[in-house]
Amino acid sequence: MSDVSPVRRRQVIDALRRGAVPAAGLDLLAVGLDRFVTAVGEDLSAVAASGSVFKAIRGEYGSGKTFFTRWIAEQAKRANFATAEVQISENETPLHKLETVYRRLTERLSTATFPPSALRAVVDGWFYALEEDVLATGEVVADDAGALDSAVGALLDQRLATVSRSAPAFAAALRGYRAAALAGDTATADAVLAWLGGQPHVAASARRVAGVRGDLDHFAALSFLQGLLVVLRDSGHPGLLLVLDEVETLQRVRSDARDKALNALRQLIDEVYSGRFPGLYLVITGTPAFYEGPQGAQRLAPLAQRLAVDFTTDARFDNPRAVQIRLAGFTVDSLVELGGRVRDLYAGGSAVPHRVRAVVDDDYLRELAQAVAGRLGGKVGVAPRLFVKKLVGEVLDRVDQFTDFDPRQHYALTLTSTEMTDVERNATRADEISLDL
């Protein structure tokens, strides 16, 4: 991995040292994802051709769901898609309030060029594209600002005609944003763009300039998503990957909110299949308990039917094209493979690469993997985060800096509750429970 840039290597290693999933460079660490490459590529191609795709990711805690969805996001950005990852939670982003989901989407919207929130860059890029399309007709010249503005407004209405039938406020807000920006009224332009992004409590004066009222509601949110997809496509982004992460949290909310959320998810899936959202790649993640348990998808029969996939067959023959796909989770062997990739990536930026590879060889990686898994009650699937965190921060960093450091002699694995997630802590307690049989 010597061809990896120093900046990219450092970003990945720093994230692993913190025990976090890197924001980029996941292709360097991808283990066991080869079987999904073709299916993901087909999905991205279908979405880029004005199609829409829905996919449900299934996996236990620690199986790599977040890693997998961010890996898909990397593939999407290479195809110039926009992406957004939204964490579903009872208080901050309840799924039954689609206006909140849309707001989080715009806050986390990113592209290969712009980090979150890329909404302003996307909208500005769209207006630039509209101006170029108008000028390309030869009917208007750039020096005639009035005629150009009028022609851009007409083209805006034409491009958003379908959206305006259900949500005319979307086009109105865009016109208001452009008018304020051209007039040099930055404060009003910012406020109107915030309203367009679903932000509540925007000043009434700014809303009056744009000719819109109130805050975005649940029903208009889907139309605004539809409009955003049009803007993305016309500004050079053929699609949007939207990840709704941790939908299993729905199982822990009040029954009335849960039922509304499950129905909202069913509605979203149906809208994707109906073709309402050309250019949308919608992905959700959840645990097996969410898909199969009585407090999850099974609580709403129509939703359970849409997500149903037979997983009774050998996992080797799982269909990557199915609506629901499962992640098998890590084994000791795959942990060792992951550790080898991390070690080689680290060595590529080390002043003593040969020493790093020699001291932290595959045999030691296996010892460390088994030790971490052992401390977690043998639950290897929960181990990857801590394994990589310890490997980088406790072993590789020391081998790199201290010439006489040997992890077999000078390092003993320690795991403290403060550095663990709830799932990891629960795993450590699993083997402490004694049963009288």
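Since the model is a prediction, treat every value here as computed from it, not as a measurement. (Residues numbered from 1 in each chain as written. Predicted model: local features only at pLDDT ≥ 70, side-chain atom pairs only at ≥ 80, totals over all residues. Heavy atoms only, no water.)

K.L.:
Honestly, the overall build of the protein chain in this entry has me stumped. Any pointers?
P.N.:
Regarding its fold elements, the protein chain presents 20 helices and five strands. A total of 437 residues make up the protein chain; the buried ones form 51% of that total. Long-range contacts, defined as pairs at least 24 residues apart, comprise 72% of the intrachain contacts of the protein chain with a sequence gap of at least 6. For the protein chain, the exposed area adds up to about 20,100 Å²; of that, 51% sits on carbon and sulfur atoms. Computed over 50 positive and 56 negative side-chain charges, the inter-centroid distance for the protein chain is 3 Å. (Helix = DSSP H or I, 4+ residues; strand = E, 2+ residues; numbered from the N terminus. Buried < 20%, exposed > 50% of the residue type's maximum accessible area, 1.4 Å probe, protein only. Contact = heavy atoms within 4.5 Å. Areas by Shrake-Rupley, 256 points an atom, 1.4 Å probe, with all protein chains shown as cover. Lys, Arg positive; Asp, Glu negative; His and termini not counted. Charge placed at Lys NZ, Arg CZ, Asp CG, Glu CD.)

K.L.:
Before we go on, may I ask you to explain the side chain of Arg258 in this structure?
P.N.:
Residue position: Arg258 is located in helix α12 (residues 255–274). Buried and unpaired, Arg258 has no salt bridge, with Asp259 as the nearest side chain of opposite charge at 5.4 Å. Within polar-contact distance, the side chain of Arg258 engages the backbone oxygen of Gln251 at 3.4 Å. Reaching out from Arg258, the side chain makes a polar contact with the side chain of Gln295 at a distance of 2.7 Å. (Salt bridge = Lys/Arg side-chain N within 4 Å of Asp/Glu carboxyl O. Polar contact = N/O pair within 3.5 Å; in protein donor to acceptor, adjacent residues only side chain to side chain.)

K.L.:
I'm lost on the pairing of strand β2 (residues 82–87) in this one. Help?
P.N.:
Along any regular strand the residues' side chains alternate between the sheet's two faces. With five of six residues buried, β2 is to be regarded as a mostly interior element. Alignment of β2 against strand β3 (residues 240–245), held across six bridges, turns out to be parallel. The partner of Val86 across the bridge, within β3, is Leu244. (Pairing = 2+ DSSP bridges.)

K.L.:
Any chance you could explain the nonpolar core here in plain terms?
P.N.:
General note: in soluble globular proteins, nonpolar side chains tend to be found buried as a group. Counting 78 residues, the largest nonpolar core has Leu174 and Leu244 as its most contacted members. Ignoring anything within four residues of it in the chain, the contact list for Leu174 reads Val123, Trp126, Phe127, Leu156, Leu160, Leu196 and Val231. Leu241, Val332, Ala347 and Phe387 belong to the second largest nonpolar core, which has 65 residues in total. (Core = buried A, V, L, I, M, F, W, Y, C linked by side-chain atoms within 4.5 Å.)

K.L.:
Would you mind showing me how to read the sheet that holds β2 here?
P.N.:
Strand pairs in the sheet, formed through backbone hydrogen bonds, run parallel or antiparallel to each other. The strand order β2-β3-β4-β1-β5 describes an open sheet built from five strands, whose pairing is parallel. Each having just a single partner strand, β2 and β5 (324–326) make up the two edges of the open sheet. Taken over all neighbouring pairs, the strand axes of this sheet differ in orientation by 20° on average, direction set aside. Both strand β1 (residues 52–58) and strand β4 (residues 280–286) contribute to a ladder of seven bridges, which runs parallel. (Axes fitted to C-alpha atoms, helices over the stretch in contact; angles between N-to-C directions.)

K.L.:
I tried to follow the side chain of Glu271 on my own but got confused; where do I start?
P.N.:
Tracing the backbone through its elements, the reader meets Glu271 in helix α12. A polar contact is formed between the side chain of Glu271 and the side chain of Arg276, at a distance of 3.1 Å. Apart from the residues within four sequence positions on either side, Glu271 is in contact with Leu222, Arg276 and Phe277.

K.L.:
So what exactly am I meant to see when it comes to the pairing of β1 here?
P.N.:
Among the seven residues in β1, six count as buried, and that is most of the element. When β1 meets β5, the two strands line up parallel, connected through three bridges. The residue bridging Arg58 from the neighbouring strand is Arg326, located in β5.

K.L.:
Can you walk me through the pattern of salt bridges in this structure?
P.N.:
Pairs can form between side chains of opposite charge once their charged atoms are near each other. Under the defined criterion, the tally for this structure stands at 36 salt bridges. Across the salt bridge formed by Asp43 and Lys55, the nearest N and O atoms sit 3.8 Å from each other. You can see Asp43 sitting in helix α2 (residues 34–48) and its partner Lys55 sitting in strand β1, a full 12 residues away along the chain. Lys55 shares its class with Asp43; the two are buried. Of the charged contacts, one joins Arg108 and Glu107 as a salt bridge, the two residues approaching to 3.3 Å between their closest N and O atoms.

K.L.:
Help me understand the packing of helix α8 (residues 168–182) against helix α11 (residues 218–234) in this model?
P.N.:
Two packed helices can be described by the angle between their axes and the distance between those axes. Axis separation between α8 and α11 bottoms out at 9 Å; the angle between their running directions is 50°. Taken together, the axis directions place α8 and α11 in an arrangement best described as oblique. α11 is crossed by α8, and the crossing has right-handed handedness. Residues Ala169, Phe170 and Leu174 of α8 touch α11, and the partners they reach there are Phe224, Gly227, Leu228 and Val231. Of the residues in the contact of α8 with α11, the class split is six nonpolar, one polar and no charged. (Parallel < 35°, antiparallel > 145°, perpendicular 65-115°, else oblique. Left-handed = near helix turned anticlockwise from the far one by under 90°. Nonpolar A, V, L, I, M, F, W, Y, C, P; charged D, E, K, R; others polar.)

K.L.:
Is there a simple way to think about the packing of aromatic side chains in this case?
P.N.:
Remark: the centre distance and the inter-plane angle together describe each pair of aromatic rings, the angle taken between the planes. This model, assessed by the stated rule, comprises nine aromatic pairs. Seen from their ring centres, Phe36 and Phe68 are 5.0 Å apart, and the 55° between their planes marks the pair as tilted. Placement of the pair is Phe36 in helix α2 and Phe68 in helix α3 (residues 65–78), with a sequence separation of 32 residues. Both residues of the pair, Phe36 and Phe68, count as buried. Ring geometry for Trp126 versus Phe127: centroids 5.2 Å apart, planes at 55°, classification tilted. With relative accessibility at 0%, the residue Trp126 sits in the buried group. According to the relative accessible area criterion, Phe127 is buried, its value standing at 5%. (Phe/Tyr/Trp six-rings, centres within 6.5 Å; stacked < 30°, edge-to-face > 60°.)

Functional significance is not addressed by these values, which are geometric in nature.
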